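So you can see what is in the structure, the chains are spelled out below.
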Amino acid sequence: MPVHMPVDVRSVSLSLLALIATLFALHVASAVFIPLLLGVALSYALSPLVDLLERWRLPRALGAGLLILGLGAVVGWTVATLSDDASVLIESVPVAMQKLRKLVHAQRGQSESTIEKVQRAAEEIEEVATEGGASRAPPVRGVTRVSIEPERFDVQDYLWSGTLSAAASAGQAVVFIAFFLLASGSRFRRKMVKLAGPTFAEKRITVQLLDEITAQIHRFMLVQVFVSFLVGLATGLAFVAVGLEHVAVWGVIAFVLNFVPYLGTVVLSAGSGLMAFVQFGSLDMVVLVAGIGMLVHAVSGNLLTPWLTSRTSRMNAVTVFVGVLAFGWLWGVWGLLLGVPILTTLKAVCDRVDELKPIGELMGT
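Please read these numbers as outputs of a predicted model, since none were measured by experiment.

> In this structure, what is going on with the overall build of the chain? I would like to understand it.
Broken down by element type, the chain carries 13 helices and zero strands. When its helices and strands are written in sequence order, the chain yields α-α-α-α-α-α-α-α-α-α-α-α-α. With 365 residues in all, the chain has 31% of them scored as buried. Taking the contacts inside the chain whose residues are at least 6 apart along the sequence as the reference set, 71% of them involve residues at least 24 apart.

> What is the right way to read the pattern of salt bridges from this model?
A side chain with one charge can pair with a side chain of the opposite charge if their charged atoms come near. Following the criterion strictly, the structure yields two salt bridges and no others. Across the salt bridge formed by aspartate 51 and arginine 60, the nearest N and O atoms sit 2.7 Å from each other. The salt bridge involving glutamate 54 is made with arginine 60; its shortest N-O contact spans 2.8 Å. According to the relative accessible area criterion, glutamate 54 is partly exposed, its value standing at 40%.

> What is the right way to look at a nonpolar patch on the surface in this model?
Together, Tyr262, Val318, Phe321, Val322 and Leu325 line one region of the surface with nonpolar side chains, adding up to about 460 Å² of accessible area. On the basis of relative accessibility, which here comes to 38%, the residue phenylalanine 321 falls in the partly exposed class.

> Would you explain helix H11 (residues 317-331) in this entry?
For H11, which comprises 15 residues, the first-to-last C-alpha distance of 21 Å matches the rise-based estimate of 21 Å (1.5 Å per residue) to within 8%. Every buried residue of H11 is accounted for by Thr319, Val320, Gly323, Val324, Phe327, Gly328, Leu330 and Trp331. For H11, the arc enclosing every buried residue in end-on projection is 160°, short of the 170-degree limit, so these residues lie on one face. In this structure, H11 carries Val318 and Trp329 as exposed residues pointing more than 90 degrees from its buried face. Where H11 ends, the next residue or the one after it, glycine 332, has phi of about 70°, a positive value.

> Before we go on, may I ask you to explain the side chain of serine 228 in this structure?
Looking at the element boundaries, serine 228 is found in helix H7 (residues 200-242). Excluding anything up to four places from it in sequence, serine 228 contacts Phe255, Asn258 and Phe259.

> Would you mind going over the packing of helix H2 (residues 30-55) against helix H12 (residues 333-352) with me for this structure?
For any two helices packed against each other, one specifies the crossing angle of their axes together with the interaxial distance. Packing of H2 against H12 brings their axes to within 11 Å, and their N-to-C directions diverge by 50°. Judged by the inter-axis angle, H2 sits oblique to H12. Judged by the sense of rotation from one axis to the other, the crossing of H2 with H12 is left-handed. Residue-level inspection shows Ile34, Leu37 and Leu38 of H2 in contact with H12, the latter providing Trp334, Leu338 and Ile342.

> Would you take a moment to explain the packing of aromatic side chains for this structure?
A ring pair, where both rings are aromatic, is described by two values, the distance of the centres and the angle of the planes. Tallied over the entire structure, the rule returns five aromatic pairs. With centroids separated by 6.4 Å and ring planes inclined at 90°, the aromatic side chains of phenylalanine 239 and tryptophan 250 adopt a geometry described as edge-to-face. Taken together, the residues span a long stretch of sequence, with phenylalanine 239 in helix H7 and tryptophan 250 in helix H8 (residues 247-257) at a distance of 11 residues. Relative accessible area serves as the criterion here: at 0%, phenylalanine 239 is assigned to the buried category. Under the relative-accessibility criterion, tryptophan 250 is labelled buried at 5%.

> Is there a simple way to think about the confidence of the model for the chain in this case?
Interpreting fine coordinate detail is not advised for predicted regions of low pLDDT. Averaged over all residues, the pLDDT of the chain equals 75, while 75% of them reach at least 70. The weakest mean pLDDT in the chain belongs to helix H4 (residues 114-135) at 55; the strongest belongs to H8 at 88. Long-range and interchain partners of residues 153-163, a stretch whose pLDDT sits below 50, account for 13 contacts in this model, where long-range means more than four residues apart.

> Even after reading the chapter, I still don't get the nonpolar core, so can you show me in this structure?
One broad trend across soluble globular proteins is that nonpolar side chains are buried collectively. Membership of the largest hydrophobic core comes to 22 residues, with the highest contact counts inside it found for Met221, Met315, Phe327, Trp331 and Val340. Among the elements of the structure, H2, H7, H11 and H12 are those that each provide at least two residues to this core. For methionine 315, the residues in contact, after removing those within four places along its chain, are Val320, Val340, Leu343, Thr344, Lys347, Met363, Gly364 and Thr365. Val231, Phe239, Leu257 and Met275 belong to the second-largest nonpolar core, a separate cluster that totals 21 residues.

> What is the right way to look at a positive patch on the surface in this model?
A grouping of Arg187, Arg190, Lys191 and Lys194 is seen on the molecular surface, where their side chains present a positively charged patch. For arginine 190, the location among the structural elements is in helix H6 (residues 187-196). Overall, arginine 190 belongs to the partly exposed group, its relative accessible area being 48%.

Cut-offs and rules
- Residues numbered from 1 in each chain as written.
- Predicted model: local features only at pLDDT ≥ 70, side-chain atom pairs only at ≥ 80, totals over all residues.
- Heavy atoms only, no water.
- Helix = DSSP H or I, 4+ residues; strand = E, 2+ residues; numbered from the N terminus.
- Buried < 20%, exposed > 50% of the residue type's maximum accessible area, 1.4 Å probe, protein only.
- Contact = heavy atoms within 4.5 Å.
- Salt bridge = Lys/Arg side-chain N within 4 Å of Asp/Glu carboxyl O.
- Patch = residues over 30% accessible without salt bridge, like charges linked within 9 Å, V, L, I, M, F, W, Y side chains within 5 Å.
- Areas by Shrake-Rupley, 256 points an atom, 1.4 Å probe, with all protein chains shown as cover.
- Expected span 1.5 Å × (residues − 1).
- Arc of directions from axis to C-beta.
- Axes fitted to C-alpha atoms, helices over the stretch in contact; angles between N-to-C directions.
- Parallel < 35°, antiparallel > 145°, perpendicular 65-115°, else oblique.
- Left-handed = near helix turned anticlockwise from the far one by under 90°.
- Phe/Tyr/Trp six-rings, centres within 6.5 Å; stacked < 30°, edge-to-face > 60°.
- pLDDT = per-residue confidence, 0-100.
- Core = buried A, V, L, I, M, F, W, Y, C linked by side-chain atoms within 4.5 Å.
- Lys, Arg positive; Asp, Glu negative; His and termini not counted.
- Charge placed at Lys NZ, Arg CZ, Asp CG, Glu CD.

Structure, rendered in structure tokens:
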């Protein structure tokens, strides 16, 4: 008797091949997709304000330009104001690592065996003998001894200048994309409605679908920005209360990292805890500072964000975590920031398209 397969093997194989090809294209063309998606996300976040300015009789292109210029001025002022504190904070990273290394060695030295002590003593004697022999080497008359020292690795120059150059190169494309999308308004929507079909019913369904998706994405972006602002403010005030230095920089870092689910909390807690160890030298303060970061993110992620966000746009933790890891693998840091907005957009589309509703149900809570 012939065996009937419940699953179309050819269809599954073609879907897997299409998925692999899509991932490969997204990875190879990351220089194009990352600024494009950042610009789209920025346009969705700013479009309610541009709509408000348009209702006040201000031309849409002019309102978009003024809003982007104002946002750029605020970002530039923030960077200029916090650059000195950020430089000091970056310079303290090697000191923190050295202090932590000494603590680990001290803890290890307390529990080392007799053989390890003898081996360490032999290594120290050999090192002293080598240095002594080199220092007693007779100088050659008429020859100047030259020692070439490798250039010291400057963490501040590597991180600070590298971050600024990458942000400047990607920021220009993002700004232009966001401006053109904001200035165009509903022009692309009207074009998509024309391509939907010849009948009025198809056009009406397409308009409703686009309106619902746009409203949901707007709500998500505004909630994310608002909650991230509250997280940065609460983190800065809490660090002021415990006496941690450079609290303004930590507030900005908490604001940015709040856009990265789970991993952002780990990075903030680990970094602030390390700086607390350098400043206070106490493990109790390390636990306190790191716990503050985790507590603030736990309250915002489990109470505030679900309360402000409608249930239809909420996703389960597995989908968010796997999606963030996948986009982080594809695009690095930018993928971590864009992962949740992309997943929210996909879920909004799946919830409104009948053929994709099972996928939307799988992604939801």
